[in-house]
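# Architecture and fold: a report
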Amino acid sequence: MPERAVPDDPGESAPTEAPAVSSRRRKWIEIAIVVLLAIFPAVRLCFLPAPEEMTEADYWRFDYAFLCLELVLSLLWILPAGVLILVAPEGPPHFGVRKPRWKSDLGLGVIGMLLCLAAYHGLNPLLVKVGWQERGGFILPVQDASEAFFCVICTFISCFGQELTCRAHLQTRLGDLLGPWIGIPASIALFTSFHLYQGAGGVAHAAAFGLILALLFRFSKSLWTCVVAHTLWNISVFMVPQ
């Protein structure tokens, strides 16, 4: 009668399985923390609507107030995602946070900004037909160098925070857990929620921009490419009369 094979000690498999389960749980907890803290600024910005009738000076006061609020709330985008990326065992490069490659990052960033511009003007006629108007701040182009400097600094910090949260952390982490093509729509949804204050038109534009930036991150695997594209697009709203 053949001898029964004695199974290995069950305790031997625990050291290899437990870390995997623990790692998945840790990643889901990271995602929950980042998303919940990122949603707060998105909701808060909805409570700063622009009045219907204002003078040019009133518009600028509104825009400055909006930018200052967004700058402060950007800490809720940057701090949680930034800390989690820094302490992650995979290291920051896994999240696309690495030393900038100026030529490729700037070049791809400019291409991304031009794609956003094309999407904006391509969507506008359709949105006008269905009555989806964009609303919010960022109405007047800048008037002098001090205003331009203020807008550029605030815009860069805000765009960096959004890209760090949506692309570098959320898209990468969900890609680790469920595959890259799950991370992309999730990052688009979170990014779009940041623009709820802009109404239906702004949400539609944000969804299109989010898709472009998510694909840009997917294929460049660089946070800086997305930051450049996003920042250039937002700055163009200030610098170019609408």
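Structural notes, computed from the coordinates.

This part covers the pattern of salt bridges. Counting across every chain of the model gives seven salt bridges. For Glu 30, the salt bridge goes to Arg 26, with nearest N and O atoms at 3.0 Å. Taken together, the residues span about one helical turn, with Glu 30 and Arg 26 both in helix α1 (residues 14–45) at a distance of four residues. A relative accessible area of 5% means that Glu 30 is categorised as buried. Arg 26 sits in the partly exposed class, given a relative accessible area of 28%. Close ionic contact of Glu 90 with Arg 173 constitutes a salt bridge, the shortest N to O distance being 3.0 Å. Of this pair, Glu 90 sits in the loop between α3 (75–87) and α4 (102–130) while Arg 173 is found in helix α5 (residues 145–178), placing the two residues 83 residues apart along the sequence. The exposure class of Arg 173 is buried, given its relative accessible area of 0%. Each of Arg 26, Lys 27, Glu 30, Glu 90, Arg 173 and Asp 176 takes part in a single network of salt bridges with overlapping partners.

Our focus in this paragraph is the environment of Gly 210. Its location among the elements puts Gly 210 in helix α7 (residues 199–220). With 22 residues separating them along the chain, Gly 210 and Ile 188 place their C-alpha atoms 4.9 Å apart.

To continue, consider the side chain of Gln 171. The residue Gln 171 is located in helix α5 in this model. Take Gln 171: its relative accessible area is 4%, and that puts it in the buried class. Here Ala 214 takes part through its backbone oxygen, which lies 3.1 Å from a polar atom of the side chain of Gln 171. Sequence-distant contacts of Gln 171, defined by excluding residues within four places in its chain, comprise Cys 166, Gly 183, Ile 184, Ser 187, Ala 214, Phe 217 and Arg 218.

Unusually for a residue other than glycine, Lys 221 sits at a positive phi of about 50°. In this structure, Lys 221 sits in the loop between α7 and α8 (223–239). Its relative accessible area of 35% is what places Lys 221 among the partly exposed residues.

The next subject is a nonpolar patch on the surface. On the surface, Val 110, Leu 114, Leu 117 and Leu 232 cluster together into a nonpolar patch covering about 290 Å² of accessible area. Here the nonpolar patch takes three residues from α4, the largest share from any one element. Along the chain, Leu 117 falls in helix α4. What makes Leu 117 partly exposed here is its relative accessible area of 31%.

Cut-offs used in this document
Residues numbered from 1 in each chain as written. Predicted model: local features only at pLDDT ≥ 70, side-chain atom pairs only at ≥ 80, totals over all residues. Heavy atoms only, no water. Salt bridge = Lys/Arg side-chain N within 4 Å of Asp/Glu carboxyl O. Helix = DSSP H or I, 4+ residues; strand = E, 2+ residues; numbered from the N terminus. Buried < 20%, exposed > 50% of the residue type's maximum accessible area, 1.4 Å probe, protein only. Polar contact = N/O pair within 3.5 Å; in protein donor to acceptor, adjacent residues only side chain to side chain. Contact = heavy atoms within 4.5 Å. Patch = residues over 30% accessible without salt bridge, like charges linked within 9 Å, V, L, I, M, F, W, Y side chains within 5 Å. Areas by Shrake-Rupley, 256 points an atom, 1.4 Å probe, with all protein chains shown as cover.

Read these as spatial facts, not as claims about activity.
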